[in-house]
Amino acid sequence: MTDRIVMKKNSRESLVISRSTYKGSELVDIRTFFKNEDGDLSPTKKGVNIRLELLDELIASLSALAQDAHITAGENK
């Protein structure tokens, strides 16, 4: 199992996707992290937790949004 996935957002920030448990609920955390003075990633308050059972719905929604964005981008050429 992957501990966490890190996607570079810009030169100072990354998006970190990880799993956690809170009060017995399995969660997926998507959070912005920044590089601290030691060069390590530290979390910010910017982020969202969703219940693990909603992950497939989130992925489907993001896929639909991405597909629509690609279609719209093609129309603007």
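Please refer to the structure higher up on the page.
These remarks concern the structure in this document. Nothing here was measured: the structure is a model prediction, and the numbers come from that model.

Basis of the calculations
- Residues numbered from 1 in each chain as written.
- Predicted model: local features only at pLDDT ≥ 70, side-chain atom pairs only at ≥ 80, totals over all residues.
- Heavy atoms only, no water.
- Helix = DSSP H or I, 4+ residues; strand = E, 2+ residues; numbered from the N terminus.
- Rg over C-alpha atoms; globule rule 2.2 N^0.38 Å.
- Buried < 20%, exposed > 50% of the residue type's maximum accessible area, 1.4 Å probe, protein only.
- Contact = heavy atoms within 4.5 Å.
- Areas by Shrake-Rupley, 256 points an atom, 1.4 Å probe, with all protein chains shown as cover.
- Lys, Arg positive; Asp, Glu negative; His and termini not counted.
- Charge placed at Lys NZ, Arg CZ, Asp CG, Glu CD.
- Salt bridge = Lys/Arg side-chain N within 4 Å of Asp/Glu carboxyl O.
- Pairing = 2+ DSSP bridges.

### Some details on the overall build of the protein chain
Reasoning step 1: A tally of helices and strands in the protein chain yields 1 helix and 4 strands.
Reasoning step 2: Secondary structure of the protein chain in N-to-C order comes out as β-β-β-β-α.
Reasoning step 3: Taken against the 2.2 N^0.38 rule, which gives 11 Å for 77 residues, the C-alpha radius of gyration of the protein chain at 15 Å runs more than 25% over that of a compact globule.
Reasoning step 4: C-alpha extents for the protein chain along the principal axes are approximately 45 × 35 × 25 Å.
Reasoning step 5: A total of 77 residues make up the protein chain; the buried ones form 17% of that total.
Reasoning step 6: Taking the intrachain contacts of the protein chain between residues at least 6 apart in sequence as the baseline, contacts between residues at least 24 apart amount to 17%.
Reasoning step 7: A total accessible area of about 6300 Å² is found for the protein chain, and carbon and sulfur atoms account for 54% of it.
Reasoning step 8: Averaging the positions of the 12 positive and the 12 negative side-chain charges in the protein chain gives two centres separated by 5 Å.

### Side note on the environment of Leu54
Reasoning step 1: Here Leu54 is to be found in the loop between strand 4 (41-51) and helix 1 (55-75).
Reasoning step 2: For Leu54 and Val28, which are 26 residues apart along the polypeptide, the C-alpha to C-alpha distance reads 9.1 Å.

### Observations regarding the pattern of salt bridges
Pairs can form between side chains of opposite charge once their charged atoms are near each other.
Reasoning step 1: A full pass over the atoms with the stated rule returns 5 salt bridges.
Reasoning step 2: Salt-bridge contacts for Lys46 lead to Glu13; the nearest nitrogen and oxygen are separated by 4.0 Å. Of this pair, Lys46 sits in strand 4 while Glu13 sits in strand 2 (residues 13-22), and the two are 33 residues apart along the sequence.
Reasoning step 3: For Lys46, a relative accessible area of 52% corresponds to the exposed category.
Reasoning step 4: Across the pair Glu26 and Arg19 runs a salt bridge, and its minimum N-O distance is 3.2 Å.
Reasoning step 5: On the basis of relative accessible area, Glu26 is assigned to the partly exposed category, the value being 34%.

### A closer look at the pairing of strand 3 (residues 25-35)
Reasoning step 1: Sheet topology note: the strand 2/strand 3 ladder contains 10 bridges and is antiparallel. Within the sheet, the bridge partner assigned to Ser14 lies in strand 3 and is Phe33.
Reasoning step 2: What sits between strand 2 and strand 3 in their antiparallel hairpin is a turn of 2 residues, with Lys23 showing a positive phi close to 50°.
Reasoning step 3: Note that strand 3 and strand 4 share 8 bridges and pair antiparallel. Bridging from a neighbouring strand, Asp29 pairs with Asn49 of strand 4.

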